[in-house]
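# Descriptive structure summary
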Amino acid sequence: MAQIEKVLYTGKTHTTGGRDGAARSDDGRLDVALSVPGSKGAGTNPEQLLAAGWSACFIGAMGLAATKLKIALPAGTAVDAEVDLGNTAGEYFLQARLHVSLPGLDKDVARSLTEAAHQTCPYSKATRDNINVVITVV
């Protein structure tokens, strides 16, 4: 496991009530109600938060890969992330799909960017060999 030599940022939150609670960041920029997936609760859930964070990070990692290739990410670059919460033999697991849209880019170049991003994105590294992940270029 790689050891961090220099911490660049620390996200800090305080969560109460679990899936029926609330989460707030120490700087107040994040202040969300939480609810169980599929319920009529007004809040979001951990799976949606993971999908949002991972997709944003993945776009950043594609931007770094594009810079190395001396190309620009196209306008309209997007990642639609799906994070499933599932159950097998009474235990809970996650799995994910990232659908990457790079409008106007050659499919081979787009695949190269997504492969590079998947190798460098911290979320991808954290989930690698821990959950099933499928990445497609749409």
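For the structure given in this document, a descriptive report is provided here. Only a predicted model underlies this, so the values are computations on that prediction, with no experimental measurement involved.

The three strands lie next to each other as β1-β2-β3, forming an open sheet whose pairing is antiparallel. The open sheet is flanked by β1 (13-16) and β3 (31-33), the only strands paired with a single partner. Strand-to-strand twist of the sheet, defined as the mean angle between neighbouring strand axes without regard to direction, takes the value 10°. Relative to strand β2 (residues 22-25), β1 is paired through four bridges, and the arrangement is antiparallel. Paired with T13 across the two strands is S25, which belongs to β2.

All right, on to the state of the cysteines then. For the structure on display, the rule yields zero disulfides. Cysteine C57 remains unbridged, with the sulfur of C121 as its closest cysteine sulfur at 3.3 Å. Look at C121 and you get buried, because its relative accessible area is 0%.

As a further point, take helix α1 (residues 46-68). The first and last C-alpha atoms of α1 sit 33 Å apart over 23 residues, in line with the 33 Å expected at 1.5 Å per residue. Contacts from the buried residues of α1 go to β4 (78-88), β5 (91-101), α2 (107-120), α3 (122-127) and β6 (132-137). Within two residues after α1, K70 carries a phi angle of roughly 60°, on the positive side.

This brings us to a nonpolar patch on the surface. A grouping of L85, Y92 and L94 is seen on the molecular surface, where their side chains present a nonpolar patch of about 300 Å² in accessible area. Looking at the element boundaries, L94 is found in strand β5. Relative accessible area serves as the criterion here: at 32%, L94 is assigned to the partly exposed category.

This next bit is on the nonpolar core. W54, F58, M62, V79, V100 and L102 are the most contacted members of the largest nonpolar core, which totals 19 residues. Listed by contribution, the elements that provide at least two residues to this core are α1, β4, β5 and α2. For this core, the leading source of residues is α1, giving seven residues. Look past the residues within four positions of F58 in its chain and what remains in contact with it is V79, L98, V100, T114, A117, H118, C121, S124 and I135.

Quick notes on the rules
- Within each chain, residue numbers correspond to sequence positions counted from 1 in written order.
- In view of the model being predicted, local features appear only for residues whose pLDDT reaches at least 70, and side-chain atom pairs are presented and counted only at 80 or more, with totals across whole chains, interfaces and linings using the full set of residues.
- Excluding hydrogens and water, the side-chain figures rest on all heavy atoms present in the structure.
- The pairing criterion for strands is at least two bridges between them, as found by DSSP.
- Going along the chain from the N terminus, every DSSP run of H or I of four or more residues is numbered as a helix, and every run of E of two or more is numbered as a strand.
- Axis lines are fitted through C-alpha atoms, for helices just across the contact stretch, and the angle between N-to-C directions can take any value from 0 to 180 degrees.
- By convention in this document, the label disulfide applies to cysteine sulfur atom pairs within 2.5 Å.
- Under the scheme applied here, a residue whose accessible area is under 20% of the maximum for its type counts as buried, over 50% as exposed, and between as partly exposed, the area being computed with a 1.4 Å probe on protein chains only.
- Each helix should span, by expectation, one fewer than its residue count multiplied by 1.5 Å.
- The contact criterion used throughout is that any non-hydrogen atoms of two residues lie within 4.5 Å.
- A patch consists of residues exposed above 30% relative accessible area that lack any salt bridge, with like charges linked at up to 9 Å and nonpolar side chains (Val, Leu, Ile, Met, Phe, Trp, Tyr) linked at up to 5 Å.
- Working definition of accessibility: Shrake-Rupley area with a 1.4 Å probe, residue cover restricted to the visible protein chains.
- A pair is scored as a salt bridge if a Lys or Arg side-chain nitrogen falls within 4 Å of a carboxyl oxygen belonging to Asp or Glu.
- Remark: nonpolar core denotes a set of buried residues (Ala, Val, Leu, Ile, Met, Phe, Trp, Tyr, Cys) joined through side-chain atoms within 4.5 Å.

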